[in-house]
Every structure is written in C-alpha cells, then in structure tokens.
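Coordinate analysis (summary)
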Amino acid sequence: MPAPVALMGPALHLQAWSASWEQLAGAALTAEQAPTFFDIFAEHPDWRRRLERALSGEADEGTAARLRHVDGTEYWVDWDVQPWRHERADGTVTGLLLCIHDKTPQQRAEDRFRALADTVDEGVLLMDRSGVFQMCNTRAEEILGRSAGRIVGSSVRDMQWRGLREDGSPLPNESFPFWVARYTGEPVRNRVMGIYPSEGPPRWIQVSAQPLCLDRDDDPYAVLASFADITEQKLSEEALRASKDMLSSVLVSSLDGIMVFSAVRGEDDTVVDFEWLLANPKASELVGHPADELMGERLLDVFPGHRVEGLFDDYVAVVETGEPLERELYYEHEGIEAWLQVIAVQLSDGVAVTVRDITERKEATQAMAATNAELEQRNQTLREFAYIASHDLQEPLRKISAFADLMREDYQDAVDETGEYYLERMQDAAERMSTLINDLLAYSRVTTQTEPYETVDLNEILDNVCSDLEIRIREVGGRIEAEDLPRIEADPTQMRQLLQNLIGNALKFHREGVPPVVNVSATIEQVEAPLDEVESTEVCRLVISDNGIGIEEKYADRIFTPFKRLYGRSQYEGTGMGLAICQRIAQRHGGRIELTPTSGPGSTFTVIVPTTQEGSAEPPFQRATSTDSNT
C-alpha cells in the first residue's frame, strides 16, 4: 500500500487525502464529513503534541510509533509531519501535511522474532548494514551487561564496545565477528572473543554471525549474530593451563625423579606389568633413558631388576590396597648402582613414583657410623683410663701420705722445722692431687656412669643435700630458703650433685662477717621451641641465688671451664671443677646453666632443663602440697 498522505487544517480537520489514507482510516471520506484526525484515531498525547508542533511551524518525523484506530485496530508506523503554508505571503502556517508509512507487518515480524530469540539461551543481536544494532534479546542484555536501551541504536563502532582477542590483546571494533560478516558477506562461525560489560571484568563469548541478503549477489542489509557465554569455560581452561604450566615447571625443576605408570592387567585382571606414562628430566637422568623413549614402554621390559628387588610387587600392592609405599634400597641393576629412596602412591589404576638418589647421604651415614664406632672405642679407652686413674694413681698418693705420716712418727726428733714444712707440703700436694683425680672422675662419670631418668621430687633432693651440708651450714652460720619445688624427669643422683655443688659454692664463697643465705626456687614454663634434642617444650627453671661475694659478669662464660679458678687456693679451697660438672649435668638433661647478672651482692645461677626426658614412662607433675625445705 502506498504511503498514506493527508492534509489537515488548523483544527486538524482533514482537507485532502490520498486513497491509501482512506484504507488506513477504514472508511470512505468526503469533504462534507471533514473529520478531524482524532475522529479517526484514538486520542493520544504524543500524537497531539507532534501535530500541534507542526501547526506551530516545526517539522517532525520518527519511527516505530503506535497508532490505534477508533475501532481498536493498532498500527506501527514511521511518520513525517510538515507545516503547510498555502498562498500566504507572510509564511503563516495554514495547516500540516502528514505522511505515514505502515510498518505493522515488519513490527509484528520483529515481535515474533524477539519472542523467539528470548526462548534461546544465547545472546542474539540484529545489526543493520550501517553497523547499528536494531534488536537484542534478554540473554544478550545479561551477557553484555547492558540494557536493551543502551544496545539498540548504538553502533558497533561506538567507544562503549571494547573487545579482546583470545590471547588477551585488544580487538579492534572493525574486527568484531558481526562486522566482519557484514563487510565480507560471509558467515562467521564459532569465533571466540572477549567483550567488556559496562562494569567488571570481560566476558568471553563464542560468536556466530550470519549476513542477511535479499538476493545472493546483494550486499547484506543486516547481520544476525548469536553468541554463547563461555566465560566460566574460558576461566577454567586458563586455570587448567596455569595448573599444567605449574606442574610442568615443578616436574622440570624437581630434584627428584618423578614417574607415572598405568597398570597392565592380564586375562584374570591381575596386574602383570606397568606402562610408562610420564617421566620428568630428573627421572630420565636417574634411569639413563630419554623420557620420549620410555613413554609406552613396559616397566619390566626396561627394568627387570624391579622384580628382583621386589619393587614391582610393592607397586602392585599400592594399586590394590591404596596404601602408599616408602622404601630405601640399594639398586644394582641395568647399569645403575645407587642407594634410592622410593615413594609410590596410587594414581587411578596405576602409581606415581618419586625416586631420590640418596647415595651421598647413605655414604655419609655409614661414615658417621664408622666415626661413632671409633669414637666409642676411644671413649671406652678413656673409661678404662679413668678406672686406672681412680685405682692405680690413687695408690701411690696414699703411699706418699702414709710414708709422710711414718716419717713424722718414727723420725720426729730427727726432722727439724724445715723438714716438717716439707712433709706438710708433700702431704698437702698429695691430698690436692687425690681431690683433682676424684673431681676429674666425677666430671667424666656425668655421661659414662648414668642412671635411668625417673620422676624425681626436687624437694626431696634438696632435703638430702641440706642434710649432707648440715655441718658446713652450721659452721658458717648460714641458712637455706626454698620454695615448693616441682617434680621432673631426671637422673636423681646427678640432680643431687648439681644442687650440692651450687649450694656448696654459695656457702663457701660468702662475705666476711655476713652469714650466707641461699634461696632455691623453681617454676614450670612453656618455651616456643624444644631445648636441644628433647621434644618437650615444657621446662623447669631452677634458680639458686646467694648473698655472697658474687662473680663479675666478664667471667660468666669462663667459670664453667674445667679447673677454672677465680681465686687462689689460699683464699678458697677447691679444684675449679664444681661448675663444670653442673654444666655437664644440665647438658646431659638437654638443658643449660647460666650465670644471671644481679644488681646487688651475691650470685644467681639459673638451670633450665626439660620437665620430661626421652625414655621416661612416668609423666611429671607439680607437687600438690607445700613442704618446708628450709635448713
């Protein structure tokens, strides 16, 4: 039907019209009737505004406007309205000329097309030959992250459309698949691209674009594009690729040989061999074959020694039970001579095997064992020497003292004052020598003659020490002050020797005219890391402090050296072995002893030892009741 045209006066009465207008109006019109526009079509504010604007002198046009006949029939039209100036020299508008193009069939087709497009799970776009989007479905809005109002009417060349190639580089707008289909006239199938929504990271889509032509040789008048959202698939592929790259990097850089085998089963479904699926560079180096030569080979064909050493049976057990294998063996087959650590775990119907060459470690361990055996032999020699020192060397000293006593008794009148002085010096030297030997033996016995660890009550140990030192305490007018002490796992004899040495020193090195006071206390504490080789992180902090002459801080490390004395024998008796023995005892218990600096007179020694020891069956516990250990 030709485009309906009508001429209307200022009151919108029809003055002239085309035949097609009568068809649109649905009735034959006569000049006598002179109906108005709104006598034929329902009143609508948009249409009244358009017509009145033309009467005021402004032309207007538009597309896809709805026009409803008074009988209820609806039309979709494109329209053009122009002011009409007929034989008026002053240019006054005398009416308007309205031209309408009926687009109802096309609009209904588009509505049906849109309804159909909304039933699919893919985005659908219709782009005209100029690159302007004319239609989109709901799924396209979701994928592109834009409303239909922002898509329809926009051009593919607009800046809002930004794309990506598969490699992540920018994709120019003229390379978008639907524009390529328009330009070349050829369909584009399953092209992957990234496209940015209005906000957020890019979405990945797989696009197919079909150019629409009236005839085969015509240029496309439009392009129909459909696309699926493959963002999750793309991200999964990228994550998988990254995982594979990381795995490849681990395999290449690993210092261990890594191999993967699949089980080869016989007719009775038992595992008869393994087929090589993977070997990293280190595995190729260990077995002496390139990885590509091993792929697809049978394990027992290449390495029959695996059956001899029982490794094949071990792998079968891993596959059948799912229990992992860890084994060390000396492998001497197929030109390989090395100590190997083999770890195998089940992997589907096969095993993943990790192999490490531990030859150097094994040789070092064997060398260390030989060294330890040699050291033990030397220690045995030293123990034998200690026995000789304790028995044979003491005997001459006793004879020297005995002969000195005999000379005093039998030749008293013949020995003058000088001779008497020499005899005293001789006896004194013999006694000091005997004491030195005994202290040296005590030092060596800390590790050579030990008792099993057991739960000991430090209160009882302290009571026994105070009893042994009772006479000396009375002689110097001193006293022992003690708090309630805990129970710990220790060698009771050595703990008694430690307390006796430290308290004995405190009584010995007292200030002139000041009675010595010794304070003994202990606490149970937690430490971040175990002490030495003892696994326990719970320790006993034993503190022994006194008000004696004190020790300068510069001597804090030297005082634990065997035979180290800070004062002459004329001032204080002793051999300088007491603190060395205390240090040896603390170390044997996995702990340490240290001199704690003090601001006032006196000395403070702190002994830190674990509350539990390896091999002790009874757990320690804090003493429940308080007992008075003061002496």
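Since the structure is predicted, the reported quantities are computational estimates derived from the model, not experimental observations.

Here we come to the overall build of the chain. For the chain, the count of helices and strands is 20 helices and 24 strands. Put simply, the chain has 631 residues, and 38% of those count as buried. Across the chain, contacts joining residues at least 24 apart in sequence account for 54% of those joining residues at least 6 apart. Taken as a whole, the chain presents about 35600 Å² of accessible surface, with 50% of it coming from carbon and sulfur.

Attention now goes to helix α3 (residues 45–55). One turn of the α-helix equals 3.6 residues, which is why residues spaced by three or four share an orientation. The set of residues buried in α3 consists of Trp47, Arg50, Leu51 and Ala54. End-on view of α3: buried residues confined to an arc of 90°, all on one side of the axis. The inward-facing, buried residues of α3 abut β1 (5–8), α2 (37–40), β3 (60–68), β4 (74–84) and β5 (95–102). Positive backbone phi, approximately 110°, marks glycine 57, located one or two places after α3.

Another point: the pattern of salt bridges. The tally for this structure, following the rule as stated, stands at 22 salt bridges. In this structure, arginine 66 and glutamate 74 form a salt bridge, with 3.9 Å as the shortest nitrogen-oxygen distance. Measuring nitrogen to oxygen at the nearest pair gives 2.8 Å for the salt bridge that ties aspartate 314 to arginine 327. Of this pair, aspartate 314 sits in helix α13 (residues 311–321) while arginine 327 sits in strand β15 (residues 325–333), placing them 13 residues apart in sequence. In this structure arginine 327 comes out as partly exposed when scored by relative accessible area, which is 23%. When salt bridges with common partners are traced through the structure, they connect Glu43, Arg48 and Glu52 into a single cluster.

The next point concerns unusual backbone geometry. The phi torsion at asparagine 190 lies on the positive side, around 50°, for a residue other than glycine. Relative to the assigned elements, asparagine 190 resides in strand β10 (residues 188–195).

Taken together, 5 strands build an open sheet; the order of strands is β19-β21-β22-β24-β23 and the sheet is mixed. Each having just a single partner strand, β19 (479–482) and β23 (592–596) make up the two edges of the open sheet. For this sheet, the mean inter-axis angle between neighbouring strands, taken without regard to orientation, is 20°. Direction of pairing for β19 relative to strand β21 (residues 517–526): parallel, over a ladder of 4 bridges. Across the sheet, the residue bridging to glutamate 481 is asparagine 519, located in β21.

With that settled, the discussion passes to the confidence of the model for the chain. Confidence along the chain averages 81 in pLDDT terms, with 83% of residues attaining 70 or more. The element-level mean pLDDT for the chain is lowest in helix α4 (residues 104–117), coming to 69, with α13 highest at 93. The low-confidence segment residues 617–631, where pLDDT is below 50, has 33 contacts with residues more than four positions distant or belonging to other chains.

On to helix α7 (residues 177–184), then. The set of residues buried in α7 consists of Pro177, Phe178, Trp179, Ala181 and Arg182. On the buried face of α7, the contacting elements are β6 (123–128), β7 (133–136), β10, β11 (203–212) and β12 (222–229). Of the residues flanking the end of α7, it is glycine 185, one or two places downstream, whose phi is positive at about 75°.

Next up on the list: the packing of helix α17 (residues 458–468) against helix α19 (residues 492–508). For any two helices packed against each other, the geometry is given by the interaxial angle and the distance between the axes. One way to put it is that α17 packs onto α19 with a least axis distance of 9 Å and a crossing angle of 50°. Compared by their axis directions, α17 and α19 come out oblique. Of the two elements, α17 crosses α19, and the hand of that crossing is right-handed. The residues of α19 that touch α17, namely those facing Leu458, Ile461, Leu462, Asn464, Val465 and Asp468, are Pro492, Met495, Arg496, Leu499, Gln500 and Ile503. Grouping the constituent residues of the contact of α17 with α19 by class yields 8 nonpolar, 2 polar and 2 charged.

This brings us to the side chain of glutamine 341. Here glutamine 341 lies in strand β16 (residues 336–346). Side chain to side chain, glutamine 341 and glutamate 326 meet in a polar contact 3.4 Å long. When neighbours within four sequence positions are excluded, glutamine 341 is seen to be in contact with Glu326, Arg327, Glu328, Thr354, Val355, Arg356 and Ile358.

Summarising the sheet, β3 and β4 pair through 7 bridges and their orientation is antiparallel. Within β4, the residue paired with arginine 68 across the bridge is glutamate 74. Relative to β5, β4 is paired through 8 bridges, and the arrangement is antiparallel. When the bridges of β5 are listed, valine 81 appears paired with leucine 98.

Turning our eyes to something else, we now look at the packing of aromatic side chains. The geometry of an aromatic ring pair is captured by two quantities: the separation of the ring centres and the angle between the planes. Inspection of the entire model under this criterion finds 15 aromatic pairs. Between the aromatic rings of phenylalanine 37 and tryptophan 47, the centroid separation amounts to 6.0 Å while the plane-to-plane angle is 40°, which identifies the pairing as tilted. Residue phenylalanine 37 is located in helix α2, and its partner tryptophan 47 is located in helix α3; the two are separated by 10 residues in the primary sequence. One exposure class covers both phenylalanine 37 and tryptophan 47, and it is buried. Members of the aromatic cluster, connected to one another through ring pairs, are Trp21, Phe37, Phe38, Phe41, Trp47 and Trp79. Against the face of tryptophan 161 rests arginine 146, its NZ or CZ located 4.5 Å from the ring centre. The side chain of arginine 162 reaches across the aromatic face of tyrosine 196, ending 4.1 Å from its centre.

Attention now goes to the nonpolar core. With 39 residues, the main nonpolar core has Leu502, Ile503 and Val520 as its most contacted residues. Per-element tally for this core: the top contributor is α19, with 7 residues. Among all residues touching isoleucine 503, those that are not within four sequence positions of it are Leu462, Val465, Leu469, Ile480, Val518 and Val520.

Within the secondary structure layout, glycine 335 lies in the loop between β15 and β16. Sequence-wise, glycine 335 and valine 287 are 48 residues apart; in three dimensions their C-alpha atoms are separated by 8.8 Å.

Calculation criteria
Residues numbered from 1 in each chain as written. Predicted model: local features only at pLDDT ≥ 70, side-chain atom pairs only at ≥ 80, totals over all residues. Heavy atoms only, no water. Helix = DSSP H or I, 4+ residues; strand = E, 2+ residues; numbered from the N terminus. Buried < 20%, exposed > 50% of the residue type's maximum accessible area, 1.4 Å probe, protein only. Contact = heavy atoms within 4.5 Å. Areas by Shrake-Rupley, 256 points an atom, 1.4 Å probe, with all protein chains shown as cover. Arc of directions from axis to C-beta. Salt bridge = Lys/Arg side-chain N within 4 Å of Asp/Glu carboxyl O. Pairing = 2+ DSSP bridges. Axes fitted to C-alpha atoms, helices over the stretch in contact; angles between N-to-C directions. pLDDT = per-residue confidence, 0-100. Parallel < 35°, antiparallel > 145°, perpendicular 65-115°, else oblique. Left-handed = near helix turned anticlockwise from the far one by under 90°. Nonpolar A, V, L, I, M, F, W, Y, C, P; charged D, E, K, R; others polar. Polar contact = N/O pair within 3.5 Å; in protein donor to acceptor, adjacent residues only side chain to side chain. Phe/Tyr/Trp six-rings, centres within 6.5 Å; stacked < 30°, edge-to-face > 60°. Lys NZ or Arg CZ within 6 Å of the ring centre and 35° of its normal. Core = buried A, V, L, I, M, F, W, Y, C linked by side-chain atoms within 4.5 Å.

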